[in-house]
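Breakdown of the fold
Here is what each chain is made of, one letter per residue.
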Amino acid sequence: HQSARSTVRSRPFTPSPRLLNTLAVLEHKDGKVSSQSFPVVTAASRFGGPVTVFLAGSGSKEVSEQAAKLNGVEKVIYASNSAYDKGLPENFAPLLVENIKRGHFTHVVGSHSAFGKNILPRASALLDIQQISDCIEIKDENTFVRPIYAGNAIATVRSTDTIKIVTIRGTAFPPAEETSDTATIEEAPIDPNAECTTVWVSENLTRSERPDLGTAPKVVSGGRGLKDKKNFDRLMLPLADALGAAIGASRAAVDSGFADNSLQVGQTGKVVAPQLYLAAGISGAIQHLAGMKDSKVIAAINKDPDAPIFQVADVGLVADLFQAVPELTEKLNAE
Ligand code: FAD
């Protein structure tokens, strides 16, 4: 352990802490900047210094043109090489670290998504820096606000590291908008001898025509109260269709096989903050609330008037969901 630390420390690297210079690490998919990356640019702009965007992987050159138009971006650096596809951290993190050093960045911001959670901690470790995770507010260049204990407490933390490496909760920052201005675009030098130790073999994705749970403006979620998968599909899918909503589920519903794992909302699932979150047959355990309590309007259907979900709900209906959900779906469809 000792020798590993000293190897990292021996690298010559002295950023200038007074000259703020922020790197926003963005994700891209299907030739476009991913939706969870737009708030990253907004968060990066909050530091007040120039914002450079970093993109890597096949197609990143083309995506650079879109990123260069995002409000607040001064420069885009891209590394167009398939070794960096799929955000493989073993390949991506060393490349990112090289670019952080090369650009003398004082702040590095990424999304608290699977991509950000894979890459930024590894880059932080390579730089011997303590990452600040899941920030919901940037108070100043050193001070950050982040939820702890599944959102039951909010911590304000101050970092003394020379470089701040931060992941942000996407729902806490507005997405950066596209402008008519264009930032400069530069290709990152790629070390031809860099060793890419990990290769992407295959993936098996769940495809759905429904809106994406993480970004949909409306979400309907079902819980254990639905009793089985047949009821979940019979009641929740038509309700989601009537509202044009994404489907979510509690962990109890996922564990009981009512819904796919990718639909779990909560501390160990997705964190969502849609305009409308409708929970049916969900009690409102703190671990579930951690994933949805920032939703704009929370509606709940539960037969137990003392269910904790009603403490966070804006609209509550104490009713048997087997009657209320079909009735609601019918009324929505009749509109
Ligand atoms: P229950 O708590 O059993 O609630 C079912 C509700 O349905 C009840 O309130 C009941 O009144 C109502 N109901 C029953 N029948 C009807 C009916 N006919 N009509 C109307 N209402 C009805 N949970 C998550 O959701 N997401 C997470 O990410 C998550 N992470 C966790 C992490 C850890 C470390 C731990 C320990 C737990 C985690 N949990 C998570 C689990 C969490 O504690 C709860 O167990 C879970 O959320 C309960 O799911 P539920 O509300 O569907 O089920």
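Residues numbered from 1 in each chain as written. Predicted model: local features only at pLDDT ≥ 70, side-chain atom pairs only at ≥ 80, totals over all residues. Heavy atoms only, no water.

Per an unreviewed UniProt entry, the protein is named Probable electron transfer flavoprotein subunit alpha, and its organism is Tuber melanosporum. The annotation that UniProt attaches to the protein under Subcellular location (unreviewed entry) is "Mitochondrion matrix". The record held by UniProt for the protein lists under Function (unreviewed entry) the comment "The electron transfer flavoprotein serves as a specific electron acceptor for several dehydrogenases, including five acyl-CoA dehydrogenases, glutaryl-CoA and sarcosine dehydrogenase. It transfers the electrons to the main mitochondrial respiratory chain via ETF-ubiquinone oxidoreductase (ETF dehydrogenase)." (UniProt positions renumbered as here; feature names shortened; annotations may be inferred.)

Residues annotated by UniProt as "domain: Electron transfer flavoprotein alpha/beta-subunit N-terminal" (unreviewed entry) correspond here to residues 22-203. As annotated, residues 22-203 comprises 25% helix and 29% strand, and the C-alpha atoms at either end are separated by 33 Å. (Helix = DSSP H or I, 4+ residues; strand = E, 2+ residues; numbered from the N terminus.)

Here we take up the site of the ligand. Lining the immediate surroundings of the ligand are 26 residues, of which Ser250, Thr268, Ser283, Gln287 and Asn302 lie closest. Contact between the ligand and Lys303: a nitrogen atom at 3.1 Å from a main-chain N or O atom of the residue. Between the ligand and Leu321 there is a distance of 2.9 Å, counted from a nitrogen atom to a backbone nitrogen or oxygen. Compared with its free state, where it exposes 990 Å², the ligand has 77% of that area covered by protein. For the shell around the ligand, the secondary-structure elements that each account for two or more residues are helix H7 (251-255), helix H8 (286-289) and helix H10 (321-334). (Near = heavy atom within 4 Å. Polar contact = N/O pair within 3.5 Å; in protein donor to acceptor, adjacent residues only side chain to side chain. Areas by Shrake-Rupley, 256 points an atom, 1.4 Å probe, with all protein chains shown as cover.)

Another point: unusual backbone geometry. At Lys86, a position not held by glycine, the phi torsion is positive, near 65 degrees. Relative to the elements of secondary structure, Lys86 occurs in the loop between strand S5 (73-79) and helix H4 (89-103). The class of Lys86 is partly exposed, set by a relative accessible area of 45%. A positive phi is found at Asp134, a non-glycine position, where the angle reads about 60 degrees. In this fold, Asp134 is placed in strand S7 (residues 132-135). On the accessibility criterion, Asp134 (11% relative accessible area) is buried. (Buried < 20%, exposed > 50% of the residue type's maximum accessible area, 1.4 Å probe, protein only.)

Let us look at H4. An ideal rise of 1.5 Å per residue puts 21 Å on 15 residues; H4 measures up with 20 Å between its terminal C-alpha atoms. The set of residues buried in H4 consists of Pro89, Asn91, Phe92, Ala93, Leu95, Leu96, Val97, Asn99, Ile100 and Lys101. Directly beyond the C-terminal end of H4, a positive phi value near 50 degrees is found at His104. (Expected span 1.5 Å × (residues − 1).)

Quick look at the packing of H4 against helix H5 (residues 114-127) now. Across the interface, H4 lies against H5 with an axial gap of 9 Å and an inter-helix angle of 55 degrees. The angle between H4 and H5 places the two elements in the oblique class. Here H4 runs over H5; the crossing is right-handed. Here Pro89, Glu90, Phe92, Ala93, Pro94, Leu96, Val97, Ile100 and Lys101 of H4 come into contact with H5, specifically with Phe115, Asn118, Ile119, Leu120, Arg122, Ala123, Leu126 and Leu127. Residue classes in the contact of H4 with H5 are distributed as 13 nonpolar, one polar and three charged. (Axes fitted to C-alpha atoms, helices over the stretch in contact; angles between N-to-C directions. Parallel < 35°, antiparallel > 145°, perpendicular 65-115°, else oblique. Left-handed = near helix turned anticlockwise from the far one by under 90°. Contact = heavy atoms within 4.5 Å. Nonpolar A, V, L, I, M, F, W, Y, C, P; charged D, E, K, R; others polar.)

To continue, consider the packing of aromatic side chains. Aromatic rings considered in pairs are described by the distance between their centres and by the relative angle of their planes. Throughout the structure, instances matching the rule amount to four aromatic pairs. Aromatic side chains Tyr84 and Phe92 sit 6.4 Å apart centroid to centroid with 80 degrees between the ring planes, which places their arrangement in the edge-to-face category. Judged on exposure class, the residue Tyr84 and its partner Phe92 are both buried. (Phe/Tyr/Trp six-rings, centres within 6.5 Å; stacked < 30°, edge-to-face > 60°.)

Our focus in this paragraph is the sheet that holds strand S9 (residues 143-148). Neighbouring strands of a sheet are bound in pairs by backbone hydrogen bonds; such pairs are parallel or else antiparallel. Pairing is antiparallel in the open sheet, where three strands are placed in the order S8-S9-S10. Where the open sheet ends on each side, the last strands, each with one partner, are strand S8 (137-138) and strand S10 (153-158). With six bridges connecting them, S9 and S10 associate as antiparallel partners. The residue of S10 that forms the bridge with Pro147 is Ile154. (Pairing = 2+ DSSP bridges.)

Here we come to the confidence of the model for the protein. Across the protein, the average pLDDT comes to 92, with 95% of residues at or above 70. Scored below 50 in pLDDT, residues 1-17 makes 18 contacts in the model with residues more than four places away or belonging to other chains. In the predicted assembly, ipTM is 0.99 and pTM is 0.80. (pLDDT = per-residue confidence, 0-100.)

Strand order across the open sheet formed by seven strands is S7-S11-S6-S1-S4-S5-S12, with parallel pairing between neighbours. Two strands bound the open sheet, and with one partner strand each, they are S7 and strand S12 (184-187). Direction aside, the axes of adjacent strands within the sheet are offset by 25 degrees on average. Taken together, the four bridges between S5 and S12 define a ladder with parallel strand orientation. Each residue of the ladder has a partner; that of Lys75, found in S12, is Thr184. Together, strand S1 (22-25), strand S4 (51-56), S5, strand S6 (107-111) and strand S11 (164-168) form the strand contacts of helix H2 (residues 38-45), whose direction differs from that of S6 by roughly 155 degrees. Across the sheet, helix H3 (residues 60-67) is in contact with S4, S5 and S12; its angle to S5 comes to roughly 170 degrees.

As a further point, take the environment of Glu98. In this structure, Glu98 sits in helix H4. On a C-alpha basis, the gap between Glu98 and Asn21 in space is 15 Å, while along the polypeptide they are 77 residues apart.

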